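# Structural overview
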Amino acid sequence: MLFLIRMILLLILIIGVTLWGLVYCAFRLGSKDRVYHLSKIFIRVAPLFGLSVEGRMADASKSVPQAVYVSNHQNNFDLFTVPVVFPKGAVTVGKSSLRWVPFFGALYWISGNIMINRENKKKAIATIDQVVAGMKTTGLSIFMFPEGSRSRGRGWLPFKRGAFHAAVQAGVPIIPIVCSNTHEQVKVNRWSNGKVIVEMLPPISTEGLHETDVVHLVKQCETLMHETKQRLDDELKNSA
């Protein structure tokens, strides 16, 4: 019964948010904060799944004017948890197939997010170059899932380098975002599904770095994010 109630409410929310979002974005096409405002609506969906989400932000990351944000990617619930720390003046970079997702695809496109064809490596690289050029002219930050796909309990997937190349080329810092474990945490027939912590870490400078430094930058960020997720998971486990 609880499952049915949640699915009905979720469907109503999806339709409502999509319609509102399409109208809002149509009238705010020049705004850099379209994704930010939509993200604050999505985070309000978390309680519908019985999730309590705590957002934490490093002080050093609050005043960064432009950056490349990278986050771990676990499952579909990332849409309702990670946005708790989503910054102003940022858009996401996602796969082009998202445009075909009912309701969400249209909203994703009109809110100004960037779609890339990950199946075609040459086109993906060319798109990253365009993203960097756009960052330099608009001042926008970008948000990416460097794993590329949802891990779905398979552990961390290898980080792709696109986000890190973009940060080095644009001369902006990398800011890692880490969400505690949500794999198999949500049971739709259970009222409370526990707490999730999403933490934005201090920026990692790319000043003075070159393309040849990207491999080390990826490893540095990957290690830091792994350690942070373990710390968050241990904290939640010990407080249970």
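Read on for a plain summary of the structure. (Residues numbered from 1 in each chain as written. Predicted model: local features only at pLDDT ≥ 70, side-chain atom pairs only at ≥ 80, totals over all residues. Heavy atoms only, no water.)

## Looking at the sheet that holds strand S1 (residues 52-57)
Hydrogen bonds between backbone atoms are what pair the strands of a sheet, whose relative direction is either parallel or antiparallel. Pairing is mixed in the open sheet, where 7 strands are placed in the order S1-S7-S6-S2-S5-S3-S4. With partners counted over all chains shown, the strands left at the sheet margins are S1 and strand S4 (114-116), one partner each. Here the average twist between neighbouring strands, direction ignored, is 20 degrees. Packed on one face of the sheet, helix H7 (residues 162-170) meets strand S2 (68-71), strand S5 (141-144) and strand S6 (174-179) and runs near 160 degrees to S2. On the sheet, helix H8 (residues 214-239) packs against S1, S2, S6 and strand S7 (195-200) and is oriented at approximately 30 degrees with respect to S6. (Pairing = 2+ DSSP bridges. Helix = DSSP H or I, 4+ residues; strand = E, 2+ residues; numbered from the N terminus. Axes fitted to C-alpha atoms, helices over the stretch in contact; angles between N-to-C directions. Contact = heavy atoms within 4.5 Å.)

## So, the packing of aromatic side chains
This model, assessed by the stated rule, comprises 10 aromatic pairs. Both rings, one in Phe86 and one in Phe143, keep their centres 5.5 Å apart while their planes meet at 50 degrees; by these two values the pair is tilted. Of this pair, Phe86 sits in the loop between helix H4 (78-81) and strand S3 (90-95) while Phe143 sits in strand S5, and the two are 57 residues apart along the sequence. Both residues of the pair, Phe86 and Phe143, belong to the buried class. (Phe/Tyr/Trp six-rings, centres within 6.5 Å; stacked < 30°, edge-to-face > 60°. Buried < 20%, exposed > 50% of the residue type's maximum accessible area, 1.4 Å probe, protein only.)

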